[in-house]
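Structure assessment
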Amino acid sequence: MPINPKGLVIGLFLTLVSAFSANAAASCGDNSGKPATGEPIVVGAITGKTGPDDFSNSTKAAKAYFDCLNANGGIKGRPVKYLVEDDQWNPEIAAQLAAKLVNDEKAVLMVGNSSFVECGANADFYKKSAILVVAGVGVPRECFFAANYAPTNAGPRVSMLGAMGYALDQLKAKSVVCIGPNIPNVGTWSCDGIIQLAKEKGLTAETILMDPGTADSTSTILQAAASKPDVIILGLPKGVTVPLLTAAEEQGLNQSIKFLSAASAYDLSVPGTIGAGWDGNFIVNMEFNDLEATTPDNQNWLAVMDQYGQKSDPRDTFAQAGYLAARIAETALMTLDPANVNRETASAAVRGIKGFKSDIFCAPWYFGDGQTRHNANSTTRMAVSEAGRWKVVSDCAPSPDPELKDIRAFEKSAGIN
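Residues numbered from 1 in each chain as written. Predicted model: local features only at pLDDT ≥ 70, side-chain atom pairs only at ≥ 80, totals over all residues. Heavy atoms only, no water.

**Observations concerning the overall build of the chain**
Counting its regular elements, the chain contains 13 helices and 15 strands. Computed over the C-alpha atoms, the radius of gyration of the chain is 22 Å, within 12% of the 22 Å expected from 2.2 N^0.38 for a compact globule of 417 residues. Along the first, second and third principal axes, the C-alpha set of the chain runs to 65 × 60 × 40 Å. Residue burial in the chain is summarised as follows: out of 417 residues, 55% are buried. In the chain, 72% of the contacts between residues at least 6 apart in sequence involve partners at least 24 apart. In the structure as shown, the chain presents an accessible area of about 17300 Å², 53% of it carried by carbon and sulfur atoms. Averaging the positions of the 35 positive and the 43 negative side-chain charges in the chain gives two centres separated by 5 Å. (Helix = DSSP H or I, 4+ residues; strand = E, 2+ residues; numbered from the N terminus. Rg over C-alpha atoms; globule rule 2.2 N^0.38 Å. Buried < 20%, exposed > 50% of the residue type's maximum accessible area, 1.4 Å probe, protein only. Contact = heavy atoms within 4.5 Å. Areas by Shrake-Rupley, 256 points an atom, 1.4 Å probe, with all protein chains shown as cover. Lys, Arg positive; Asp, Glu negative; His and termini not counted. Charge placed at Lys NZ, Arg CZ, Asp CG, Glu CD.)

Take a look at the structure:
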């Protein structure tokens, strides 16, 4: 077989890039290598670590970045004291912890939050306390409809509508079934968006809500397939999605219906777990860049996790979100006089962020000063399961969620994106 010199050169280049990326030092702060020794700046976070699932990957990544920052000069000499609390998926505990961090610990910002319950429990409290939250992972509707709460992720509804947009544009779908969790302001909110867009486009659509802890996967899939839809869109945790796909394959539905999902199923383990029967047939939304992307900031995230996180800390979408939240906070705090960092100045600095760029985002992130709700991350990619890996199959595209009309109007008026 003849050797392709061009192929050898490209292969060598990619090998060198991969080796360089794997050995690159994490970049944080002023990269001085000198630990910050000044008075600590208190930053808080609330996450759902213990309960139905461990939802703390965002805060683990944020902590890794702040540790890296503190090892490299901190915020102009002042270290970040990052305090993370576990709400145990309990709204009452979440409220108590917010009061502790804001009132007792005097946090100037909340950063990297990731919880199913604390957005709703604490949104009003954060507003009354004049403290801003640069969250990592927002899930319920309340995380995106609060004046002082701005997640870095797109959220389940925007992510599912991103998948819906792909189904319309690329798969030419005419009928759809949405399967979401029977969790207040999560499943119904997300699937309602699918139904609304379907009506606008003249499609047929229906919703199935399931209890993630007790539902029978086979009966759920058979119910969804009964109307013979072109596509089924899932908005469920990875641990629920995989059994549903297994049940669908057992019924032979992986060959007759296209299955799509929100970013909750975008995990490096999923393609290998579901197997070759889903090659080209399971397509997921990506709220951020490819987890294995060799772009500079994505590689820096991985380097930070390797050098300052734990080996057991997941390198997943939620970790990307926490890393970005910490970097946004750093960017805001670095604009301040280190002798005058308090809740008021920190909040003003975050509100002033209009174009935070990272190759992990599709579009620049902004807080949205004056907005009563926030969804800056609403432009996403898609990937398909193929040969045990994810293959990116779309460029960045705005989510067609009808509920984003006010966000798009704000962006246009503010000259953003």
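Let us keep going from here.
**Comments concerning the packing of aromatic side chains**
Summed over the entire model, instances satisfying the criterion amount to 16 aromatic pairs. Judged by centre distance (6.2 Å) and plane angle (65°), the rings of F55 and W89 are edge-to-face. Of this pair, F55 sits in the loop between β1 (41-47) and α2 (57-70) while W89 sits in the loop between β2 (80-86) and α3 (91-104); the two residues are 34 residues apart in sequence, bridging distant segments of the chain. Summarising the burial analysis for this pair, F55 and W89 share the class buried. Measuring from centroid to centroid gives 6.4 Å for F356 and F361, while their planes differ by 90°, and the two rings are edge-to-face. (Phe/Tyr/Trp six-rings, centres within 6.5 Å; stacked < 30°, edge-to-face > 60°.)

**Quick word on helix α7 (residues 217-225)**
Turning to α7, its buried residues number three or more, namely S217, T220, I221, A224 and A225. Down the axis of α7, the smallest arc covering the buried residues is 130°, so these residues share one side. If you follow the buried residues of α7, they end up packed against β8 (175-181), β9 (204-210), β10 (231-234), α8 (238-250) and β11 (258-261). Between the side-chain oxygen of the N-cap and the backbone nitrogen of T218 there are 3.3 Å, and the N-cap of α7 in question is D216. (Arc of directions from axis to C-beta. Polar contact = N/O pair within 3.5 Å; in protein donor to acceptor, adjacent residues only side chain to side chain.)

**Quick look at the environment of F282**
Turning to its location among the elements, F282 is positioned in strand β12 (residues 282-286). A relative accessible area of 0% places F282 in the buried class.

**Quick notes on the state of the cysteines**
Within this structure, the stated rule accounts for four disulfides. Residue pairing for C28: its cysteine sulfur links by disulfide to C68, the two sulfurs lying 1.9 Å apart. Its S-S torsion of about 100° marks the bond between C28 and C68 as right-handed, since a negative value means left-handed. You can see C28 sitting in the loop between α1 (5-23) and β1 and its partner C68 sitting in helix α2, a full 40 residues away along the chain. Per residue, the accessibility class of C28 equals that of C68, and both read buried. There is a disulfide in this structure between C362 and C396, and the S-S distance comes to 2.1 Å. Residues C362 and C396 share a disulfide whose torsion about the S-S bond is about -75°; that sign makes it left-handed. Of this pair, C362 sits in the loop between α12 (343-351) and β13 (379-386) while C396 sits in the loop between β14 (389-392) and β15 (397-398), and the two are 34 residues apart along the sequence. With a relative accessible area of 34%, C396 lands in the partly exposed category. Taking only the cysteines that form disulfides and numbering them from first to last, the chain has the pattern 1-2, 3-4, 5-6, 7-8. (Disulfide = S-S within 2.5 Å.)

**A short note on the packing of helix α10 (residues 296-308) against helix α11 (residues 317-333)**
The geometry of α10 relative to α11 is characterised by a closest axis approach of 11 Å and an angle of 100° between their N-to-C directions. On the basis of their axis angle, the class for α10 and α11 is roughly perpendicular. Contacts from D297, N298, N300, W301 and V304 in α10 reach A319, Q320, Y323, L324 and R327 in α11. (Axes fitted to C-alpha atoms, helices over the stretch in contact; angles between N-to-C directions. Parallel < 35°, antiparallel > 145°, perpendicular 65-115°, else oblique.)

**Quick look at the side chain of S394**
Inspection of the secondary structure puts S394 in the loop between β14 and β15. Polar contacts involving the side chain of S394 include one to the main-chain amide nitrogen of M382, which spans 2.8 Å. With near-sequence residues (within four places) excluded, S394 lies in contact with Y166, R381 and M382.

**Things to note about the environment of I283**
Along the chain, I283 falls in strand β12. Counting along the chain gives 38 residues from I283 to L245, while the straight-line C-alpha distance between them is 12 Å. Look past the residues within four positions of I283 in its chain and what remains in contact with it is Y166, L171, F259, L260, S261, M382, A383, V384 and V393.

**Quick word on helix α5 (residues 156-169)**
Its 14 residues give α5 an end-to-end C-alpha distance of 20 Å, which sits within 8% of 20 Å, the value for a rise of 1.5 Å per residue. Summarising burial for α5: 13 of the 14 residues are buried, a large majority. (Expected span 1.5 Å × (residues − 1).)

**A word on the layout of surface pockets**
Here the largest pocket defines a volume of roughly 750 Å³. Taken together, 34 residues line the largest pocket, and the ones lying closest to its centre are D53, F55, P237, K238 and F318. For the lining of the largest pocket, the secondary structure elements donating two or more residues are β6 (137-138), α5, α8 and α11. Broken down by element, the residue count for the lining of the largest pocket peaks at three residues, all from α8. (1 Å grid on protein atoms, 1.4 Å probe; cavity = no way out; pocket = protein on both sides within 12 Å on 5 of 7 lines; lining within 4 Å. Points joined across faces, edges and corners; volume = space filled by probe spheres on them.)

**A few points about the nonpolar core**
Core analysis: the biggest nonpolar cluster contains 94 residues, and F66, L109, I179, F259, F282 and W365 have the highest contact counts within it. Examining the composition of this core, we find that ten residues originate from one element, α11, more than from any other. Leaving out residues up to four positions away in the same chain, W365 has contacts with V134, A150, P151, T152, I328, I353, K354, G355, F356 and A376. With 22 residues, the next largest nonpolar core counts M164, V231, L260 and V384 among its residues. (Core = buried A, V, L, I, M, F, W, Y, C linked by side-chain atoms within 4.5 Å.)

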